[in-house]
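# Coordinate inspection notes
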Amino acid sequence: MRIATGRRAALGLRGSLGDDLRFINRHVRTISRVIVHPQFRSLGLSSLLVRCLCKHCDTRYIEALAMMGRAIPFFERAGMKRYEPRAGDAPIYYLYRKRQRSTLNLQRPTSNLRC
């Protein structure tokens, strides 16, 4: 699986397959496609959409794969970290790592979806 190598390196996963999968299911969400109508491209909407998703997602990590990541680096512009694949033709792995919330503020923030 292509995503496995980049994911394991980025997240520092070293446990058993079962433990790693439980961690991923609980703490990671995946962006699978970002599509902007051709009429509205080159306006920064894809980066804005990804930033908004990362801000409002309820998990600590958000990941994405991009075959065109070198040519169109909007995931990086949205604040995601780029992890180069070992093979030159493999997709680029991106990971957004949320900062830990302060333990003093235990209330969950309200989501108005304003970015």
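Further up the page is the structure itself.
Here is what the cut-offs are and how they apply
Residues numbered from 1 in each chain as written. Predicted model: local features only at pLDDT ≥ 70, side-chain atom pairs only at ≥ 80, totals over all residues. Heavy atoms only, no water. Phe/Tyr/Trp six-rings, centres within 6.5 Å; stacked < 30°, edge-to-face > 60°. Helix = DSSP H or I, 4+ residues; strand = E, 2+ residues; numbered from the N terminus. Buried < 20%, exposed > 50% of the residue type's maximum accessible area, 1.4 Å probe, protein only. Contact = heavy atoms within 4.5 Å. Expected span 1.5 Å × (residues − 1). Patch = residues over 30% accessible without salt bridge, like charges linked within 9 Å, V, L, I, M, F, W, Y side chains within 5 Å. Areas by Shrake-Rupley, 256 points an atom, 1.4 Å probe, with all protein chains shown as cover. Salt bridge = Lys/Arg side-chain N within 4 Å of Asp/Glu carboxyl O. Pairing = 2+ DSSP bridges. Axes fitted to C-alpha atoms, helices over the stretch in contact; angles between N-to-C directions.

Moving on, we come to the packing of aromatic side chains. For the structure shown, the criterion picks out four aromatic pairs. Aromatic pair Phe23 and Tyr61: ring centres 6.1 Å apart, planes at 55°, arrangement tilted. Placement of Phe23 in helix α2 (residues 17-27) and of Tyr61 in strand β2 (residues 61-66) is noted, with a sequence separation of 38 residues between them. A relative accessible area of 28% places Phe23 in the partly exposed class. Taken together, a centroid distance of 6.1 Å and an interplanar angle of 55° make the contact between Tyr83 and Tyr93 tilted. With Tyr83 in strand β3 (residues 81-83) and Tyr93 in strand β4 (residues 92-97), this residue pair connects regions lying ten residues apart in the sequence.

Note on placement: Lys98 falls in the segment after β4. Between the C-alpha atoms of Lys98 and Cys57, which are 41 residues apart in sequence, the distance is 9.5 Å. Residues contacting Lys98, with those up to four places away along its chain left out, are Cys54, Lys55, His56, Cys57, Asp58, Thr59, Arg60 and Ile62.

Taking 1.5 Å per residue as the helical rise, helix α3 (residues 45-56) with its twelve residues ought to reach 16 Å, and the 16 Å between its terminal C-alpha atoms agrees with that figure. Taken together, the buried positions of α3 are occupied by Ser46, Ser47, Val50, Cys52 and Cys54. Looking at the packing, one finds that the buried side of α3 touches β1 (28-31), β2, α4 (74-77) and β4.

Next up on the list: a nonpolar patch on the surface. Together, Phe40, Leu43, Leu45 and Leu48 give the surface a local cluster of nonpolar side chains, amounting to about 350 Å² of exposed area. Looking at where Leu45 falls in the secondary structure, it is placed in helix α3.

Our focus in this paragraph is the sheet that holds β1. The strand order β1-β2-β4-β3 describes an open sheet built from four strands, whose pairing is mixed. Because the sheet does not close on itself, it has two edges, and the strands there are β1 and β3. Pairs of neighbouring strands in the sheet enclose a mean axial angle of 30°, with direction left out of account. The sheet contact formed by β3 and β4 spans three bridges and is antiparallel. The partner of Arg82 across the bridge, within β4, is Tyr94.

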